[in-house]
There are 2 protein chains.
Amino acid sequence: MARWKIRVEYNGGPFSGWQRQDDRATVQGELEAAIFRFSGEEVLVQGAGRTDAGVHATNQAAHFDLERDFPALKIREALNAHLRQVPISVLEVEAVEDDFNARFDALSRAYIYRLLNRRAPPALDKGRVWHVKVPLDVALMDDAAKVLLGQHDFSSFRAAECQAKSPVKTLDRLDVVEEDGEIRFHVGAKSFLHHQVRNFVGSLKLVGEGKWTKADLKSALEACDRAAGGPTAPAQGLYLTEVNY
Amino acid sequence: MARWKIRVEYNGGPFSGWQRQDDRATVQGELEAAIFRFSGEEVLVQGAGRTDAGVHATNQAAHFDLERDFPALKIREALNAHLRQVPISVLEVEAVEDDFNARFDALSRAYIYRLLNRRAPPALDKGRVWHVKVPLDVALMDDAAKVLLGQHDFSSFRAAECQAKSPVKTLDRLDVVEEDGEIRFHVGAKSFLHHQVRNFVGSLKLVGEGKWTKADLKSALEACDRAAGGPTAPAQGLYLTEVNY
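All figures in this text were calculated on a predicted structure; none of them were measured in a lab.

Caption draft 1: Looking closely at the state of the cysteines. Summed over all chains, the structure comprises zero disulfides over all chains. Cysteine Cys162 of chain B is unpaired, with the sulfur of Cys224 of chain B as its nearest cysteine sulfur at 14 Å.

Caption draft 2: View of the relation of the copies chain B and chain A. With an RMSD of 0.0 Å, chain B superimposes on chain A once it is rotated by 180° and translated 0.0 Å along the axis. The transformation relating the two chain copies, once decomposed into turn and shift, fits a two-fold axis. Measuring from the rotation axis to each C-alpha of chain B, the shortest distance belongs to Asp125 of chain B, at 5.0 Å. Mapped onto chain A, 100% of the interface residues of chain B are again interface residues, and the two copies thus contact each other with one and the same surface.

Caption draft 3: Molecular detail of the UniProt feature "binding site: substrate" (unreviewed entry) in chain A. All names here are of chain A. Annotation from UniProt places "binding site: substrate" (unreviewed entry) at Tyr111. Tracing the backbone through its elements, the reader meets Tyr111 in strand β5 (residues 108-117). By relative accessible area, which is 12% here, Tyr111 ends up buried. Filtering out sequence-adjacent residues up to four positions away, Tyr111 remains in contact with Phe185, His186, Val187, Phe192, Val197, Leu238, Tyr239, Leu240 and Thr241.

Caption draft 4: Just unusual backbone geometry, in detail. At Cys224 of chain A, a residue that is not glycine, the phi angle is positive and equals roughly 50°. Take Cys224 of chain A: it is sitting in the loop between α5 (214-223) and β10 (238-244). The phi torsion at Asp180 of chain B lies on the positive side, around 50°, for a residue other than glycine.

Caption draft 5: Focus on the layout of surface pockets. Computed from the structure, the largest pocket encloses a volume of approximately 1400 Å³. Taken together, 42 residues form the lining of the largest pocket, with Asp180 and Arg184 of chain A together with Arg114, Asp180 and Arg184 of chain B sitting closest to its centre. Looking at the lining of the largest pocket, the elements that each hand over two or more residues are β5, β9 (182-189) and β10 of chain A together with β5 (108-117), β9 (182-189) and β10 (238-244) of chain B. Here the lining of the largest pocket is composed, by residue class, of 14 nonpolar, eight polar and 20 charged.

Caption draft 6: Main features of a negative patch on the surface. Residues and elements named next belong to chain A. Together, Glu97, Asp98, Asp99 and Asp105 make up a region of like negative charge exposed at the surface. Turning to its location among the elements, Asp99 is positioned in the loop between β4 (88-96) and β5. According to the relative accessible area criterion, Asp99 is exposed, its value standing at 62%.

Caption draft 7: Structural context of the domain arrangement of chain A. Residues and elements named next belong to chain A. For chain A, the domain assignment lists domain 1 (2-96) and domain 2 (108-244). A straight line from the C-alpha centre of domain 1 to that of domain 2 covers 27 Å. Residue-level contacts link 15 residues of domain 1 with 15 residues of domain 2. Together, the buried faces of domain 1 and domain 2 total about 1100 Å²; carbon and sulfur atoms form 50% of this surface. Our count for the domain 1 to domain 2 interface comes out at one salt bridge. Notably, a salt bridge pairs Arg198 with Asp52, separated by 3.4 Å at the nearest N-O pair. Counting across the interface, domain 1 meets domain 2 through 11 residue pairs in polar contact (both at pLDDT 80 or more). The leading source of residues in the side of domain 1 that touches domain 2 is strand β3 (residues 56-66), at six residues. Classifying every residue of the side of domain 1 that touches domain 2 by side-chain character gives five nonpolar, seven polar and three charged.

Caption draft 8: Region of interest: the pattern of salt bridges. All names here are of chain A. Summed over all chains, the structure comprises 40 salt bridges over all chains. When the shortest N-O distance is used, the salt bridge between Arg114 and Asp125 registers 2.9 Å. Linking Arg114 in strand β5 with Asp125 in the loop between β5 and β6 (130-132), this pair joins segments that are 11 residues apart in sequence. The pair Arg114 / Asp125 is uniform in exposure class, with both members buried. The shortest N-O distance in the salt bridge between Arg184 and Glu179 comes to 2.9 Å. Taking relative accessible area as the criterion, Glu179 reaches 27% and is therefore assigned partly exposed.

What counts, and where the lines are drawn
Residues numbered from 1 in each chain as written. Chains lettered and ligands numbered in written order. Predicted model: local features only at pLDDT ≥ 70, side-chain atom pairs only at ≥ 80, totals over all residues. Heavy atoms only, no water. Disulfide = S-S within 2.5 Å. Least-squares fit on C-alpha atoms with pLDDT ≥ 70 in both. Contact = heavy atoms within 4.5 Å. UniProt positions renumbered as here; feature names shortened; annotations may be inferred. Helix = DSSP H or I, 4+ residues; strand = E, 2+ residues; numbered from the N terminus. Buried < 20%, exposed > 50% of the residue type's maximum accessible area, 1.4 Å probe, protein only. 1 Å grid on protein atoms, 1.4 Å probe; cavity = no way out; pocket = protein on both sides within 12 Å on 5 of 7 lines; lining within 4 Å. Points joined across faces, edges and corners; volume = space filled by probe spheres on them. Nonpolar A, V, L, I, M, F, W, Y, C, P; charged D, E, K, R; others polar. Patch = residues over 30% accessible without salt bridge, like charges linked within 9 Å, V, L, I, M, F, W, Y side chains within 5 Å. Areas by Shrake-Rupley, 256 points an atom, 1.4 Å probe, with all protein chains shown as cover. Salt bridge = Lys/Arg side-chain N within 4 Å of Asp/Glu carboxyl O. Lys, Arg positive; Asp, Glu negative; His and termini not counted. Charge placed at Lys NZ, Arg CZ, Asp CG, Glu CD. Domains from an automatic or database assignment. Buried area = accessible area lost by both parts, 1.4 Å probe. Polar contact = N/O pair within 3.5 Å; in protein donor to acceptor, adjacent residues only side chain to side chain.

And the structure:
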């Protein structure tokens, strides 16, 4: 038996998220099917993060076990051949210790949220960015974002269905910048609550359009109540970009 | 009568190029149909460059005339509403002099060619980059590219069906750089021959993989014969990014 760590890129658009579901296409489901077609083995692919429906990844991490032995490069080529019909690509395959766990061993995760701030709709990046027509002030958003840094009870930005044991997390990075003609939110932490990044972005958008001040964002955080947080930004702008071990 | 200049972004994937064709979807055809649906006027939309099937644009320019008078913003919003089903977006609409011509008045044009150089196929940018698995040397390509700068007879990089009067053009910029995990070719000139950028990229790829030297590229240029040039890189990696007046 050998345990393998993989790095995976995917376009979340056509998938009902990462986690396997009986009757829907998911990233985990497609990966497990591809592994079965290539190796004949039924495996469980455990991801570092269970991205929601529509959320993309440039660098998700996962692990699985195979009874039979294969060279790492052979696994990557075989999986990509079997994934040809779907927008999932296996970037790297690496042998790891038997007790490596992609989810629990992750030291930190990073996301990027892409927002297109102009009147005209996206033609090239349809389904890949959040299109916001009202002009947003990037400097105001970036400044306000800093109140979220550090250790807090993030209940105000936590989805009702979140399964984390505690709402207390430590946010290491939240920068709002203009890059390549769009607004990008760079977010980093050891781990995140369900919808946390999208709820941050939805709240910061209120700051950017002048509906909330930095103090309003701080009050929302301190309320420790989802009803006090801003709306959830759409999935299509979110990218899981790093999982560090 | 008023003449309008527009700036347009499109994903070339679903289109048989810019130029109107009776029985196929083209960017010009979709724009003319949208203008008709909104204004009731049959117009000719003249583009700065007739991009090929599959070629994208972040900033194509074009002009057309309308008998009836409308505010510029109204035209943009109406066109984008009528283009909702296709990946074409009108970024800007501006009133121009009656003798303005998007094609003949352009002082310079710029293209970017995107090449993804890794073993794993693109999941997020499928149809948006040229996927090349063999490792390419960016510094070698960038250095060799410089032999193409300046005024030359570019017959070696000109498609058979090219309609330009002369094969002599002046190339102002050709930089090969690594950006955002991919290789990008930045190309600029007053005007281009048909397939010129894609033929440059196809030839530079030979340099990048060590099949051609800089001297080979120079010989290819000096042969003034398409048979001496490298292959044509695929359309899907090419973006028209600037038209300057």
